Amino acid sequence: MMISSWRKRRAAKRAGKEQRRNENGEMELTIPRDFRCPISLDLMNDPVTLSSGITYDRESIEKWIEAGNFTCPLTNQVLTSLEPIPNHVTRRKIQDWCVENRSHGIERIPTPRVPISSVDASEIISKIDVARRNQDRERCRALVAKLKSLAKESERNKQCIANNGAGSALSEAFAAFSVASLSSFDDNIAVLEEILSALITMFPLDGEAKGYLGSAPAMHCLIWFLSSGDLSRRRNSVLALKELVSSMEDQRKTLNLLSEIESAIEALFKLIKTPICPTSTKASLTIIYHMITSSSTSSSTRQKQVTKLVNLGIVPLMLETLVDAERAMCERALGVLDGIVDSERGREMACDNALTMPVLVKKILRVSNTATEFSVSILHKLCKEEQREDGGVLVEALQVGAFQKLLLLLQLGCVEKTKERVSELLKMLNLHRNKVECVDPMDNFRDLKRPF
């Protein structure tokens, strides 16, 4: 008897099933009881057995254990071990059953990879520590590559490896080989690159790991990688630096070290000007933002970094980036520009650029609250310093519809600090309204890309 197409699709979805007739006399397939997971009641794809002797599907029982349960769901027996054991016998039976019923559209379940256990993860990490202490580059590199490969197999593996202290072990190894590289850098490039590649999969790092990674030798190595031509090195190093500066505990130390390394700003700027991927560009912008705005460093240090960036051409680069940036990129670019215009030279560069007013006014109320607040802050800083009799940037702002946009923002509501700046801007702009013809503010944006 032919199985209906609906029944066949259902059979394919639920996999290996035994045959029986339904109330209409049609032949259908049902999963044998021994092949069902007691939790999900579905066919087991990766059967594992607990210390209680009951077999479950790995995904279901791991969710049960992760929820804080330490008993067998079926027997309520307290588990003596939380490490489920693969049930190869049951899995082979299920696979054979699937093959026998393939004529009904049932696919054979694949043989699953056995996930790494805490014992195995700890063993590999311990061996990495030994290789690090012995300065055995090749052994350490091979072990790290193995750890990275296992972490990439599944999210469970990655979590297990991270929970067993891989972040700290890898960071300590990176710091140790960075110290060794001061005398023979070329010999250690390969192992440092492998460690860094594995390390970024362990984010977020704990305080101990960040302490090792934020050491002076490690920071110099990260900046060297950031300045090198290899794309993967540059991406990994900027992500590592972002991880360090995003932590308030380590921010002061990291930013001070970055400020002392002459090539740091140039390398970060280059990664924005010649991007390799959006993730690395946003990471670079985040680092630069902290370097020029964080109170963790002195005012003179921040000013020095701003001067470098202005001379490199950060103002036109940020304005060009803002024209067609997506939200996250837009917020970061505006944040950097807001820090840059705190300096006189930065304000001069912004005022002299024809894109400044159209772009800033365009971003108000069109991207996000953060973007609006940064845009208003930048406008306020530029307009407050305007001293030309013809109105300068104030007239430019009026010509692109700033007055209308700011009035609307005031009506819609915003945070108190932004509201104060908007009120001051409206007063300044109102003094020059008679110099500008009434225009449709949207006319000024037709030549700009509009991604939002």
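Keep in mind it's a predicted model, so treat the numbers as computed, not measured.

**Brief notes about the overall build of the chain**
Secondary structure assignment for the chain yields 22 helices and 5 strands. Taken across its 452 residues, the chain has 51% of its residues classed as buried. For the chain, contacts bridging at least 24 residues in sequence account for 65% of all contacts bridging at least 6. On the chain, roughly 22300 Å² of surface is accessible, and the fraction owed to carbon and sulfur atoms is 49%.

**Description of the confidence of the model for the chain**
For the chain, the average pLDDT comes to 85, and 87% of its residues sit at 70 or higher. Scored below 50 in pLDDT, residues 1–18 makes 47 contacts in the model with residues more than four places away or belonging to other chains. Residue range residues 438–452 is modelled with pLDDT below 50. Its contacts to residues more than four positions away, or to other chains, number 37 contacts.

**Remarks on the side chain of arginine 233**
Note that arginine 233 resides in helix 10 (residues 231–245). The exposure class of arginine 233 is buried, given its relative accessible area of 16%. In this view, arginine 233 contacts Ile189, Glu193, Leu196, Trp224, Phe225 and Ser228; residues no more than four positions away in its chain are not counted.

**What to know about helix 5 (residues 137–153)**
Each full turn of the α-helix corresponds to 3.6 residues, which orients residues three or four apart in the same direction. End to end, helix 5 covers 25 Å across 17 residues, agreeing with the expected 24 Å (1.5 Å per residue, within 8%). Listing the buried residues of helix 5 in full gives Cys140, Leu143, Val144, Leu147, Lys148, Leu150 and Ala151. Along the long axis of helix 5, the arc covered by the buried residues comes to 160°, so they all point the same way. Exposed and facing more than 90 degrees away from the buried side of helix 5 are Glu138 and Lys152.

**Observations concerning unusual backbone geometry**
In this structure, proline 204 follows phenylalanine 203 across a cis peptide bond, with omega equal to 0°. By the element assignment, proline 204 lies in the loop between helix 7 (166–199) and helix 8 (207–213). Of note in this structure, leucine 41 is not a glycine but carries a positive phi near 65°. Along the chain, leucine 41 falls in the loop between strand 2 (27–30) and strand 3 (47–49). Within the chain, asparagine 76 stands out as a residue other than glycine whose phi angle is a positive 65°. Within the secondary structure layout, asparagine 76 lies in the loop between helix 2 (58–66) and strand 5 (85–86). Taking the relative accessible area as the measure of exposure, asparagine 76 reaches 57% and is therefore exposed.

**Some thoughts on the packing of helix 13 (residues 278–293) against helix 14 (residues 299–312)**
Two elements in contact, helix 13 and helix 14, have axes separated by 7 Å at closest approach and are oriented at 130°. Here helix 13 is positioned oblique relative to helix 14, judged by the angle of their axes. Contact residues: Ile288, Met291, Ile292 and Thr293 in helix 13; Arg302, Gln305, Val306 and Leu309 in helix 14. Taken together, the residues that form the contact of helix 13 with helix 14 break down as 5 nonpolar, 2 polar and 1 charged.

**Structural notes on the nonpolar core**
It is characteristic of soluble globular proteins that their nonpolar side chains tend to be buried jointly. Formed by 111 residues in total, the largest nonpolar core has its most connected members in Phe174 and Leu258. The biggest single contributor to this core is helix 7, with 14 residues.

**Some remarks on helix 3 (residues 88–100)**
With 13 residues, helix 3 ought to run about 18 Å at 1.5 Å a step, and its terminal C-alpha atoms sit 18 Å apart, in line with that. Taken together, the buried positions of helix 3 are Thr90, Arg91, Ile94, Gln95 and Cys98. Axial view of helix 3: buried residues confined to an arc of 140°, hence all on one face. In helix 3, the exposed residues that point more than 90 degrees away from the buried face are Val89 and Glu100. In this structure, the buried residues of helix 3 make contact with strand 3.

Scoring rules and cut-offs
- Residues numbered from 1 in each chain as written.
- Predicted model: local features only at pLDDT ≥ 70, side-chain atom pairs only at ≥ 80, totals over all residues.
- Heavy atoms only, no water.
- Helix = DSSP H or I, 4+ residues; strand = E, 2+ residues; numbered from the N terminus.
- Buried < 20%, exposed > 50% of the residue type's maximum accessible area, 1.4 Å probe, protein only.
- Contact = heavy atoms within 4.5 Å.
- Areas by Shrake-Rupley, 256 points an atom, 1.4 Å probe, with all protein chains shown as cover.
- pLDDT = per-residue confidence, 0-100.
- Expected span 1.5 Å × (residues − 1).
- Arc of directions from axis to C-beta.
- Axes fitted to C-alpha atoms, helices over the stretch in contact; angles between N-to-C directions.
- Parallel < 35°, antiparallel > 145°, perpendicular 65-115°, else oblique.
- Nonpolar A, V, L, I, M, F, W, Y, C, P; charged D, E, K, R; others polar.
- Core = buried A, V, L, I, M, F, W, Y, C linked by side-chain atoms within 4.5 Å.

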